[in-house]
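Structural features, examined
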Amino acid sequence: MPGPMPYLLHKSAYFEIIESLLDDPAVRVAGLQQLRSGHPLADLLGLDSTNLGAPPVTVAGIVTDPGWGDHQGPDERIRHINEDWLGMSNASGAWAKQPAAFPTGFWQGYQGDTDAILRKATICAIEVSLNLPPGVAGDPVPAPSALERQWPIDVYWICQGPYFQCWVMWRQSGSGPTEGHVTLLIATPAADGYPLTSKITRPVDPTNPKYTSSEYASPPPDDARLFTQGMWVIGHGDYEKTVVCSTEGTRHAQVMAPGIQWRAADPNTVVCVSPAEWEGGVLRDGRPYVP
């Protein structure tokens, strides 16, 4: 996904686009059928949306347009998902899994079928959101107008875990067709090039658009509860990491290996921060898919 990942919890533009697509029941039904039949995941994520950005334009070796957003085109985004997230190779001219390759994609110290995990989790999330039983390729799916349930789906990414796995959670809030909510949570190992930082606040600099144009706020505005969506991080502003070695004996006469301790830089202060979209936050009205 584009941009850095300094926070533990991430959404940002790509997942906002995916949620925008899933808001349409017809797209959700079609996507479910395609996922069950093995259609490439990267082709179903809205990576061709013109609302994600545009790559730089170079004429005769000179950059005539610096581009904007993630500065990538659809092909580069598809490469990123297939190669970095799913660990695939395009050496033969078609994207294929590499089950024997280690590590998988850019996930540090991890090997597994991330395509199968993410595909199964997305299928489960859609089935729950539409009140459909588990199915396989070719199973009939009701027309969108005949669906008894059309709950929205939220997608979040948590990084720096030990392995790649997904969680599907939901909550019913009433008896109406839209009175409920499904959350798809993607938990992954640390990724190369996406360092985590313990500091959750950012410098507020009017000359730095990173923290003025992407709705970064600390604290969030008083009327933020009225936004269409939001995502906050609450905690101590920063931590100090210390490697601790001890020669003290334990209750079971074990030798303790060196460990890492995280201690609040200021334990007397708790802050609330709305991360910038480019660092995993969300826009107050989301980011719709735009053909």
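Residues numbered from 1 in each chain as written. Predicted model: local features only at pLDDT ≥ 70, side-chain atom pairs only at ≥ 80, totals over all residues. Heavy atoms only, no water.

Concerning the overall build of the chain
Within the chain, the regular secondary structure consists of four helices and 12 strands. For the chain, buried positions account for 39% of its 291 residues. A separation threshold of at least 6 residues defines the contact pool for the chain, and within that pool the share at least 24 residues apart is 68%. Summed over its atoms, the accessible surface of the chain is roughly 15900 Å², and 56% of this surface lies on carbon and sulfur atoms. Charge-centre separation for the chain: the mean point of 19 positive side chains lies 6 Å from the mean point of 31 negative side chains. (Helix = DSSP H or I, 4+ residues; strand = E, 2+ residues; numbered from the N terminus. Buried < 20%, exposed > 50% of the residue type's maximum accessible area, 1.4 Å probe, protein only. Contact = heavy atoms within 4.5 Å. Areas by Shrake-Rupley, 256 points an atom, 1.4 Å probe, with all protein chains shown as cover. Lys, Arg positive; Asp, Glu negative; His and termini not counted. Charge placed at Lys NZ, Arg CZ, Asp CG, Glu CD.)

Observations concerning the environment of Ile153
Relative to the assigned elements, Ile153 resides in strand S6 (residues 153–161). Overall, Ile153 belongs to the buried group, its relative accessible area being 4%. The spatial distance from the C-alpha of Ile153 to the C-alpha of Ser37 is 21 Å, given a sequence separation of 116 residues. In this structure, Ile153 is in contact with Glu19, Leu22, Arg28, Ala125, Ile126, Ser129 and Val182, ignoring residues within four places of it in sequence.

Looking at the nonpolar core
Membership of the largest hydrophobic core comes to 44 residues, with the highest contact counts inside it found for Trp85, Trp107, Phe164 and Ile186. Those elements giving two or more residues to this core turn out to be helix H1 (12–22), helix H2 (25–36), helix H3 (74–85), helix H4 (114–130), S6 and strand S8 (180–189). Among the elements that line this core, the one with the most residues is H4, at seven residues. Among the nonpolar cores identified, the runner-up in size contains five residues, and Tyr7, Tyr216, Val273 and Ala276 belong to it. (Core = buried A, V, L, I, M, F, W, Y, C linked by side-chain atoms within 4.5 Å.)

Quick look at the packing of H2 against H4
Geometry of a packed helix pair, given as the angle between the helix axes and the separation of the axes. Contact geometry for H2 and H4: axes closest at 10 Å, N-to-C directions at 145°. The way H2 lies across H4 gives a crossing that is left-handed. Along the contact surface, H2 presents Arg28, Val29, Leu32, Gln34, Leu35 and Arg36, while H4 presents Arg119, Thr122, Ile123, Ile126, Glu127, Ser129 and Leu130. Among the residues making up the contact of H2 with H4, the classes are represented as six nonpolar, three polar and four charged. (Axes fitted to C-alpha atoms, helices over the stretch in contact; angles between N-to-C directions. Left-handed = near helix turned anticlockwise from the far one by under 90°. Nonpolar A, V, L, I, M, F, W, Y, C, P; charged D, E, K, R; others polar.)

As for the packing of aromatic side chains
Inspection of the entire model under this criterion finds 10 aromatic pairs. Arranged with centres 6.3 Å apart and planes meeting at 90°, the rings of Trp85 and Phe164 form a pair that is edge-to-face. Linking Trp85 in helix H3 with Phe164 in the loop between S6 and strand S7 (165–172), this pair joins segments that are 79 residues apart in sequence. Measuring from ring centre to ring centre gives 6.2 Å for Trp107 and Trp157, while their planes differ by 85°; the resulting arrangement is edge-to-face. On the criterion of sequence distance, the pair formed by Trp107 in the loop between H3 and H4 and Trp157 in strand S6 is long-range, its members being 50 residues apart. Take Trp107 and Trp157: they sit in the same class, and that class is buried. Lys11 extends its terminal NZ or CZ atom over the ring of Tyr156, reaching a point 4.0 Å from the ring centre. Above the plane of the ring of Trp151 lies Arg149, whose end atom (NZ or CZ) is 3.9 Å from the centre. (Phe/Tyr/Trp six-rings, centres within 6.5 Å; stacked < 30°, edge-to-face > 60°. Lys NZ or Arg CZ within 6 Å of the ring centre and 35° of its normal.)

Observations regarding the environment of Pro152
In this structure, Pro152 sits in the loop between H4 and S6. You can call Pro152 partly exposed: its relative accessible area is 29%. Between the C-alpha atoms of Pro152 and Thr183, which are 31 residues apart in sequence, the distance is 8.5 Å. Ignoring any residue separated from it by four or fewer positions in sequence, one finds Pro152 in contact with Arg28, Thr178, Gly180, His181 and Val182.

Considerations on the sheet that holds strand S1 (residues 9–10)
Across the sheet, four strands lie side by side as S1-S6-S8-S7; this open sheet has mixed pairing. Two strands close off the open sheet at either side, each with one partner strand: S1 and S7. Looking at chain direction, S7 and S8 are connected through eight bridges and run antiparallel. Bridge pairing in S8 links Cys166 to Ile186. The sheet contacts of H1 involve S1, S6 and S8, and relative to S6 the element is tilted by about 150°. (Pairing = 2+ DSSP bridges.)

Notes on the pattern of salt bridges
Taken as a whole, this structure holds 13 salt bridges when the rule is applied. A salt bridge links Lys11 to Glu19; the nearest nitrogen and oxygen atoms lie 2.7 Å apart. Since its relative accessible area comes to 6%, Glu19 is described here as buried. For Arg79, the salt bridge identified is with Glu83, shortest N-O distance 3.0 Å. On the criterion of helical spacing, the pair formed by Arg79 and Glu83 is a turn pair, its members being four residues apart in helix H3. (Salt bridge = Lys/Arg side-chain N within 4 Å of Asp/Glu carboxyl O.)

On their own, these measurements won't tell you what the molecule is for.
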